[in-house]
Amino acid sequence: PESRSIVDMAASQVEWLSKHVSQMFVQNRTNVFHFQHLQRCCTRKELSRLVQPQVVLASGLDLETSSFALDLFSEWAGSGQNTIIFTQKARASSTAQNLIDLIVSGQPL
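Values in this document were obtained by computation on a predicted structure and should not be read as measured data. (Residues numbered from 1 in each chain as written. Predicted model: local features only at pLDDT ≥ 70, side-chain atom pairs only at ≥ 80, totals over all residues. Heavy atoms only, no water.)

**A look at the overall build of the protein**
Secondary structure assignment for the protein yields five helices and zero strands. The helix and strand sequence of the protein, counted from the amino end, reads α-α-α-α-α. Taken over 109 residues, the protein has a buried fraction of 22%. Taking the contacts inside the protein whose residues are at least 6 apart along the sequence as the reference set, 46% of them involve residues at least 24 apart. Of the roughly 8,500 Å² that the protein leaves accessible, carbon and sulfur atoms contribute 55%. (Helix = DSSP H or I, 4+ residues; strand = E, 2+ residues; numbered from the N terminus. Buried < 20%, exposed > 50% of the residue type's maximum accessible area, 1.4 Å probe, protein only. Contact = heavy atoms within 4.5 Å. Areas by Shrake-Rupley, 256 points an atom, 1.4 Å probe, with all protein chains shown as cover.)

Structure below.
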């Protein structure tokens, strides 16, 4: 899945990061992309195996390229216990922008 390959590719490119990160890797073999307390999940089944509470960083800003992100959004957005944070401005007329417009206008999802 795409999320795994992106992180794996980034992990192999530590020499192109900041001088401090490169030095950490050379001196201690510490790679900033080997997350000790982070679990990558690409399916609902993988996510369901994790302990609650959870923080999910989902790819697919516009909610159109990742059915996993859209499924989670659809399930979790209706609960007051969850918070959805869009980290970038969504593309005009994308699914995400349409949802944001509904929320801003006060209409129910």
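Back to the write-up after that little detour.
**Focus on the nonpolar core**
In terms of nonpolar packing, the biggest core is built from six residues, these being L63, A69, F73, A90, A96 and L99. Of all elements in the fold, only α4 (67-76) and α5 (95-105) reach the threshold of two or more residues within this core. In this structure, C41, L47, F68 and L72 belong to the second largest nonpolar core, which totals five residues. (Core = buried A, V, L, I, M, F, W, Y, C linked by side-chain atoms within 4.5 Å.)

**What about α4?**
Along an α-helix, a turn takes 3.6 residues, which lines up residues three or four apart on a common side. Every buried residue of α4 is accounted for by F68, A69, L72, F73 and W76. Projection of α4 onto a plane perpendicular to its axis shows the buried side chains occupying an angular sector of 135°, all on one side. In α4, the exposed positions angled more than 90 degrees off the buried face are occupied by S67 and S74. Elements in contact with the buried residues of α4: α3 (44-48) and α5. (Arc of directions from axis to C-beta.)

**A closer look at the pattern of salt bridges**
In total, this model carries one salt bridge according to the counting rule given. The partner of R44 in a salt bridge is E75, with the nearest N and O atoms 2.1 Å apart. With R44 in helix α3 and E75 in helix α4, this residue pair connects regions lying 31 residues apart in the sequence. On the basis of relative accessibility, which here comes to 47%, the residue E75 falls in the partly exposed class. (Salt bridge = Lys/Arg side-chain N within 4 Å of Asp/Glu carboxyl O.)

**With respect to a nonpolar patch on the surface**
Nonpolar side chains collect at one region of the surface, where F35, L38, V55 and L57 lie side by side and expose about 460 Å² of accessible area between them. Within the fold, L38 resides in the loop between α2 (19-28) and α3. In this structure L38 comes out as partly exposed when scored by relative accessible area, which is 43%. (Patch = residues over 30% accessible without salt bridge, like charges linked within 9 Å, V, L, I, M, F, W, Y side chains within 5 Å.)

**Comments concerning α5**
Restricting attention to buried positions, one finds in α5 the residues A96, Q97 and L99. For α5, the arc enclosing every buried residue in end-on projection is 160°, short of the 170-degree limit, so these residues lie on one face. Within two residues after α5, G106 carries a phi angle of roughly 85°, on the positive side.

By themselves, these figures tell us nothing about what the structure is for.
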